[in-house]
Amino acid sequence: MTQAETLVPQIQDLGHRLTEAREMIRRVFIGQERVVDLVLITLLCGGHGVLVGLPGVGKTRLVEALSTVMGLHGNRVQFTPDLMPADILGSEVLETASDGTRQFRFVQGPVFCQLLMADEINRASPRTQSALLQAMQEKSVTVAGQDRPLGVPFHVLATQNPIEQEGTYPLPEAQLDRFLLEIQVPYPDRSTERDILLATTGAQEAEVSAVFDSGQLLAAQALIRRMPVGEAIVELILDLVRAFRPEDPTAPAQVRENMRWGPGPRAAQALMLAVRARALLRGAYAPSAQDVCDLAPAVLNHRMAMGFGARAGGITQLELIGAVTQMILEKKAET
């Protein structure tokens, strides 16, 4: 039996399980199918995500449901200006035993879990934000000179309020780059909001149950990395990422004129993994060009910056990503 023949039944089985997980999450997070798919893609790729949306659009509810459905031990930290690194990582305390001897005991912080919700992460100081940097990249933290591994798997889903920025500390580029996807959580449309209203103000609310466990999620993450990717898709990913680097000679004129700096190699890595997960969610065995286009905004938007002139002119990064992606697709179709 070939490797492809071995993968097919595994992909089919995982696809059925993911369909069940999606339906379970949508019991409590009504509508917003794209948002649900993006958070599932984040976990399937073994990455971290930042959810950007106004208060009250269900970000916390979504993460709580995701933790239950995926069978992960989750913790939540409300980031505030007075939050210290030890409040996240934990600290050593001096204890006195019954015989009078003293010794230090490490008390774990909330980061020791499998799914950490960092609520309004940009409200904490840069010192506290940086406490998550090692955790997100290395899946371990160093406290009192000792490396301490975190949960397996370990994921961070952070939230940000895009409007109220007074008194906040924007995340540094190095930490933003650690997030696999930036997930925009918009207002629901009218019919969805009506469904939410009826579902959440009655005598009983819907509940969710586990569909995965941590071992099954780890197996799914390993399977994602074994899914085949066509050479044309690899070249499309490279063309797209490199097109947003203003110093690259192949970059379009609108990028060279409007961008200050573009995405690095981690963006291409993120897109390569994410398109596989999206293909699996839609029941395919390999990613397509449409998967690349659909995920480009979530992968690229937080990994580059526009110049002042472009911002003053009312150009947005998401509009530029859409225009350049379409231009690259049209060029590919012509060749």
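One structure accompanies this document, and this report is about it.

Basis of the calculations
- Residues numbered from 1 in each chain as written.
- Predicted model: local features only at pLDDT ≥ 70, side-chain atom pairs only at ≥ 80, totals over all residues.
- Heavy atoms only, no water.
- Salt bridge = Lys/Arg side-chain N within 4 Å of Asp/Glu carboxyl O.
- Helix = DSSP H or I, 4+ residues; strand = E, 2+ residues; numbered from the N terminus.
- Buried < 20%, exposed > 50% of the residue type's maximum accessible area, 1.4 Å probe, protein only.
- Phe/Tyr/Trp six-rings, centres within 6.5 Å; stacked < 30°, edge-to-face > 60°.
- Lys NZ or Arg CZ within 6 Å of the ring centre and 35° of its normal.
- Pairing = 2+ DSSP bridges.
- Expected span 1.5 Å × (residues − 1).
- Polar contact = N/O pair within 3.5 Å; in protein donor to acceptor, adjacent residues only side chain to side chain.
- Contact = heavy atoms within 4.5 Å.
- Axes fitted to C-alpha atoms, helices over the stretch in contact; angles between N-to-C directions.
- Parallel < 35°, antiparallel > 145°, perpendicular 65-115°, else oblique.
- Left-handed = near helix turned anticlockwise from the far one by under 90°.

Turning our eyes to something else, we now look at the pattern of salt bridges. Pairs can form between side chains of opposite charge whenever their charged atoms are close. Tallied over the full model, the rule gives 14 salt bridges. Note that E95 is salt-bridged to R105, the shortest N-O span being 2.7 Å. Of this pair, E95 sits in strand β3 (residues 90-96) while R105 is found in strand β4 (residues 102-108), placing the two residues 10 residues apart along the sequence. A salt bridge links D177 to R303, with the shortest nitrogen-to-oxygen separation between them at 2.7 Å. Here D177 is found in the loop between α6 (173-176) and β9 (181-184), whereas its partner R303 is found in the loop between α12 (289-300) and β11 (305-306), with 126 residues between them in sequence. Of the two residues examined, D177 and R303, each falls in the buried class. By sharing partners, the salt bridges in this structure join R22, E23, R26 and D37 into a single network.

What the rule picks out here adds up to 1 aromatic pair. Centre to centre, the rings of F106 and F112 are 5.7 Å apart; their planes meet at 70 degrees, and the pair counts as edge-to-face. Lying over the aromatic face of F212, R17 brings its terminal NZ or CZ to 5.7 Å of the ring centre. Over the aromatic face of F106 sits the side chain of R148, whose NZ or CZ is 3.9 Å from the ring centroid.

With that out of the way, let us pick up the pairing of strand β1 (residues 49-52). Of the two faces of β1, both are covered, the one formed by G49 and L51 as well as the one formed by V50 and V52. Pairing analysis gives 4 bridges linking β1 to strand β8 (residues 155-160), with the strands arranged parallel. The residue bridging L51 from the neighbouring strand is T159, located in β8. Two strands pair when backbone bridges link them, and β1 and β9 are joined in this way by 4 bridges, in the parallel orientation.

Before going further, it helps to spend a moment on helix α11 (residues 265-281). In this model, α11 (17 residues) spans 25 Å end to end at C-alpha, consistent with the 24 Å of a helix rising 1.5 Å per residue. Burial analysis of α11 places 12 of its 17 residues in the buried class, which makes it a mostly covered element. Those residues of α11 that fall on the buried side of the exposure criterion are A267, A268, A270, L271, L273, A274, V275, R276, A277, A279, L280 and L281. Just past α11, the residue G283 takes up positive phi, approximately 85 degrees.

Before going further, it helps to spend a moment on the side chain of H48. Tracing the sequence through the fold places H48 in the loop between α2 (33-44) and β1. A relative accessible area of 3% means that H48 is categorised as buried. Separated by 2.8 Å, the side chain of H48 and the backbone oxygen of M136 make a polar contact. For H48, the contacting residues outside a window of four places in its chain are T42, M136, K139, F154, H155, V156, R178, F179, L180 and L181.

Glancing now at the packing of helix α9 (residues 231-243) against helix α14 (residues 317-334). Here α9 crosses α14 at 140 degrees, and the two axes come no closer than 10 Å. Regarding the angle of α9 to α14, the classification is oblique. When the axes of α9 and α14 are compared, the crossing they make is right-handed. Counting all contacts with α9, which are made through E235, L236, D239, L240 and A243, the residues of α14 involved are V324, T325, I328, L329 and K332.

Before going further, it helps to examine the sheet that holds β1. Ordered in space as β2-β5-β8-β1-β9, the 5 strands form an open sheet in which the pairing is parallel. A single partner strand is all that each edge strand has here, and the edge strands are β2 (74-78) and β9. Recorded for the sheet is a direction-independent mean angle of 20 degrees between the axes of neighbouring strands. Relative to β8, strand β5 (residues 115-119) runs parallel, the two sharing 4 bridges. Of the residues in β8, the one forming a bridge with M117 is L157. Contacts from α2 reach β1, β8 and β9 within the one sheet, and its direction differs from that of β9 by about 160 degrees.

On to the pairing of β4, then. As defined by bridge partners, β3 adjoins β4 across 7 bridges and the pair is classed as antiparallel. Residue E95 lies in a different strand from β4, and its bridge partner there is Q103. If you look at the hairpin formed by β3 and β4, you'll find 5 residues sitting between the two strands, and G100 has a positive phi there, around 90 degrees.

Quick look at the environment of Q103 now. Along the chain, Q103 turns up in strand β4. Among the residues examined, Q103 registers a relative accessible area of 55% and is labelled exposed. The spatial distance from the C-alpha of Q103 to the C-alpha of V93 is 8.3 Å, given a sequence separation of 10 residues. Every residue in contact with Q103, bar those within four places of it in the chain, is listed here: V93, L94 and E95.

As far as function goes, none of this settles anything; it's purely spatial.
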